[in-house]
Amino acid sequence: MYRCLASDLTALTTFGVPVKAREYCRVDAEAELEELFRTGCLDDPSLLVLGGGSNLLFVTDPPGMVLHPAMRGITFTEDRGTEVIVQCAAGEAWDDLVAETVAAGLSGLENLSLIPGSVGAAPVQNIGAYGVELKDVFHSLRAFDREDGRWLVLGPADCRFAYRRSVFKEELRERMIITSVSLKLSRGSAPDLGYGSIRTELDALGINNPGPAEVRAAVISIRQSKLPDPQVLGNAGSFFKNPEVDASTASPLMEAWPGLPSWNMPDGRVKLAAGWLIEKAGLKGFRLGNAGVHDRQALVLVNHGGASGAEILRLATIVKQTVKERFGILLEPEVNIIGGALQA
Ligand code: EPU
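The rules behind these values
Residues numbered from 1 in each chain as written. Predicted model: local features only at pLDDT ≥ 70, side-chain atom pairs only at ≥ 80, totals over all residues. Heavy atoms only, no water. Disulfide = S-S within 2.5 Å. Buried < 20%, exposed > 50% of the residue type's maximum accessible area, 1.4 Å probe, protein only. Near = heavy atom within 4 Å. Polar contact = N/O pair within 3.5 Å; in protein donor to acceptor, adjacent residues only side chain to side chain. Areas by Shrake-Rupley, 256 points an atom, 1.4 Å probe, with all protein chains shown as cover. Helix = DSSP H or I, 4+ residues; strand = E, 2+ residues; numbered from the N terminus. Nonpolar A, V, L, I, M, F, W, Y, C, P; charged D, E, K, R; others polar. Phe/Tyr/Trp six-rings, centres within 6.5 Å; stacked < 30°, edge-to-face > 60°. Pairing = 2+ DSSP bridges. Contact = heavy atoms within 4.5 Å. Axes fitted to C-alpha atoms, helices over the stretch in contact; angles between N-to-C directions. Parallel < 35°, antiparallel > 145°, perpendicular 65-115°, else oblique. Core = buried A, V, L, I, M, F, W, Y, C linked by side-chain atoms within 4.5 Å. Domains from an automatic or database assignment. Buried area = accessible area lost by both parts, 1.4 Å probe. Salt bridge = Lys/Arg side-chain N within 4 Å of Asp/Glu carboxyl O.

A word on the state of the cysteines
- Enumeration over the complete set of coordinates arrives at zero disulfides.
- Between cysteine 41, a free cysteine, and cysteine 25, which holds the nearest cysteine sulfur, the sulfur-to-sulfur gap is 7.4 Å.
- Its relative accessible area of 18% is what places cysteine 41 among the buried residues.
- Between cysteine 159, a free cysteine, and cysteine 88, which holds the nearest cysteine sulfur, the sulfur-to-sulfur gap is 16 Å.

See below:
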């Protein structure tokens, strides 16, 4: 365990905006959480659990303790031939887990390659990319309940996964400290190539019969061509969610704008591409001081260097208001905003 007062968190988040914690506590082993619980350190109502810091925007400094689960370890816990259960500690980098399972010849995570962030944060927003979401491969997770000091194992139904949502963003927000995640992977199953750009990329590489390693390479290549590397240009991936609207809202828009990318949802609603709406609202590449809309993927807001969290929030508000005026669609943030909120 490592604890420190007045700690600079800037390098622990991918937006790279200046931020300080009143108290920072890195936890390296599960037993340390029990010790923190016994000594009352987990009672702080404004405690914030920090994962890889890749889905966070700090507009102000967090008022309470920042707890950083940093346990390490990847274990192949069960091998049933075609199905393998892998347990991974919360502090591992998500993409290291993907790389290790793909190298072991397992499929399930390859479409989720190169997503920044930690393993413990992955279930919180049910990370997803290229047609796959965490929920599709989720087995269970282990978490410490900081209200009563109990250890819990939660299954898929307990987590209530939905598009970029889970129970950890709602009732159990900041209550459960996730310490490890178990995933159900497979050996020898066909890869998921449903997301058109993966197939196009594989065709361009001349690969006909891809395994998980080839799909991972294709996904990495697509991501690197569109999404900014947080080490180079601060960002938190997609800033907004793709809006899900009623068919009665979507139909007139799709008639007026035949190019608008859309996906029919099982519940009859329609998901619209927020990046397209932002681009067509004229904001791709737009800059407000040191904050900007990325010039290759308009759903991503970037820190061109020296931006404050408040500046990025002002830009996000302009984006939201412009898309609302142009298309009548309300964008909601995907990023967790600390110390501020988007204006309607
Ligand atoms: N589009 C534009 N202009 C843009 C951006 C997108 O016209 O500036 C269009 C694209 O041409 C495409 C459609 O919008 O027809 C969808 O774009 P893309 O495939 O890039 O995906 P996205 O919907 O913008 C989502 C996820 C990403 C994930 C990709 C690939 C959300 C909020 N974002 O983006 O996840 O990598 O799909 O699966 O669902 C993240 O969550 O941080 C993230 C990067």
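Once the structure has been displayed, the description carries forward.
Here we look at the site of the ligand
- Around the ligand sit 24 residues in total, of which Tyr130, Tyr163, Tyr195, Asn242 and Glu279 are the nearest.
- Within the side chain of tyrosine 163, one N or O atom sits 2.7 Å away from an oxygen atom of the ligand.
- Interatomic distance of 3.4 Å between a side-chain N/O atom of glutamate 334 and an oxygen atom of the ligand.
- Within the complex, 82% of the 820 Å² of free accessible area of the ligand lies under protein.
- Looking at the shell around the ligand, the elements that each hand over two or more residues are strand S9 (128-129), helix H5 (212-226), strand S14 (234-238) and helix H7 (274-280).
- In terms of residue count, the dominant contributor to the shell around the ligand is H7 (three residues).
- Of the residues that constitute the shell around the ligand, the class distribution is 11 nonpolar, six polar and seven charged.

With respect to the packing of aromatic side chains
- One pass over the structure, following the stated rule, counts 10 aromatic pairs.
- Here tryptophan 276 and phenylalanine 327 contribute two aromatic rings whose centre-to-centre distance is 6.2 Å and whose plane-to-plane angle is 50 degrees, an arrangement assigned as tilted. Residue tryptophan 276 is located in helix H7, and its partner phenylalanine 327 is located in helix H8 (residues 309-327); the two are separated by 51 residues in the primary sequence.
- Its relative accessible area of 15% is what places tryptophan 276 among the buried residues.

Remarks on the sheet that holds strand S17 (residues 270-272)
- Read across the open sheet, the three strands follow the order S15-S17-S16; overall the sheet is antiparallel. Both edges of this open sheet fall to strand S15 (244-245) and strand S16 (262-264), since each of them pairs with a single strand only.
- Here S16 pairs with S17 via three bridges, running antiparallel. Directly across from tryptophan 263, in S17, lies its bridge partner lysine 271.
- Running at roughly 50 degrees to S17, helix H6 (residues 247-256) makes contact with S15, S16 and S17 of the sheet.

Focus: the side chain of threonine 13
- Relative to the helices and strands, threonine 13 resides in the loop between strand S1 (2-8) and strand S2 (20-27).
- Residues within four places of threonine 13 in sequence aside, it is in contact with Gly53 and Phe58.

Topic: the packing of helix H4 (residues 196-204) against H5
- Viewed as axis vectors pointing N to C, H4 and H5 meet at an angle of 105 degrees, and their least axial separation amounts to 9 Å. Comparing their axes, H5 and H4 come out roughly perpendicular. Seen from H4, the contacting residues are Ser197, Ile198, Glu201 and Leu202; seen from H5, they are Glu214, Val215, Ala218, Val219, Ser221 and Ile222.
- The class makeup of the residues in the contact of H4 with H5 is six nonpolar, two polar and two charged.

Some points on the nonpolar core
- Ranked by internal contacts, the top residues of the largest apolar core, which has 47 residues, are Phe239, Phe240, Ile278, Leu301, Ile312, Val319 and Ile329.
- Listing elements by their share of this core, those giving two or more residues are S2, strand S4 (56-58), H6, S17, H7, strand S19 (291-293), H8 and strand S21 (336-338).
- Two domains each put at least three residues into this core: domain 1 (2-69) and domain 3 (228-338).
- Not counting residues up to four positions away in its chain, the partners in contact with phenylalanine 240 are Ile278, Leu299, Ala316, Val319, Lys320, Leu331, Glu332, Pro333, Glu334 and Leu342.
- Listed in part, the 41 residues of the second largest apolar core include Ala122, Val137, Leu141 and Ile222.

Concerning the domain arrangement of the protein chain
- On domain assignment, one finds that the protein chain holds domain 1 (2-69), domain 2 (74-225) and domain 3 (228-338).
- A separation of 29 Å is found between the C-alpha centroids of domain 1 and domain 3.
- Taken together, the contact between domain 1 and domain 3 spans 13 residues of the former and 19 residues of the latter.
- Counting each side, the surface lost to burial between domain 1 and domain 3 is near 1300 Å², with a carbon and sulfur contribution of 62%.
- Looking at the side of domain 1 facing domain 3, the largest losses of area belong to Phe15, Asn55 and Leu57, adding up to 49% of the total buried there.
- Applying the counting criterion to the domain 1 and domain 3 interface returns zero salt bridges.

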